[in-house]
Amino acid sequence: MVFEEKMIASGEPDNVSDPLETVRQTCEAAEHCVHTRERLEQCETRVNSRSSTEEDCTEELFDFLHARDHCVSLPFPPWRKEI
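Residues numbered from 1 in each chain as written. Predicted model: local features only at pLDDT ≥ 70, side-chain atom pairs only at ≥ 80, totals over all residues. Heavy atoms only, no water.

Draft legend 1. Focus on the side chain of Glu60. Note that Glu60 resides in helix H4 (residues 58-73). Here Glu60 is buried and forms no salt bridge, its nearest opposite-charge partner Arg46 lying at an N-O distance of 4.2 Å. (Helix = DSSP H or I, 4+ residues; strand = E, 2+ residues; numbered from the N terminus. Buried < 20%, exposed > 50% of the residue type's maximum accessible area, 1.4 Å probe, protein only. Lys, Arg positive; Asp, Glu negative; His and termini not counted. Salt bridge = Lys/Arg side-chain N within 4 Å of Asp/Glu carboxyl O.)

Take a look at the structure:
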């Protein structure tokens, strides 16, 4: 919240993007993240195609988030060249 207040006070443009979001989007394109996202999407499709099910995609979601956050935290990540 402090960051937004400083941006408003300094008069800089409102369309400033969050660097973390940029890095996360780049990491989502990495091979392992693509694989886990596909598994998540397959699960979502399967769950949404059923009228009643107890299945949810929590495990697949956590796998995807873990893979993406691991990529973001790497000391020499693939996104480093692009930023």
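Draft legend 2. Region of the structure containing helix H2 (residues 19-28). Buried within H2 we find Val23, Thr26 and Cys27. Taken down its axis, H2 places every buried residue within 100° of arc, on the same side. Tucked into the core, H2 has its buried residues touching helix H3 (31-48) and H4. Between a side-chain oxygen at the N-terminus of H2 and the backbone nitrogen of Leu20 the separation is 3.1 Å; the capping residue is Asp18. (Arc of directions from axis to C-beta. Contact = heavy atoms within 4.5 Å. Polar contact = N/O pair within 3.5 Å; in protein donor to acceptor, adjacent residues only side chain to side chain.)

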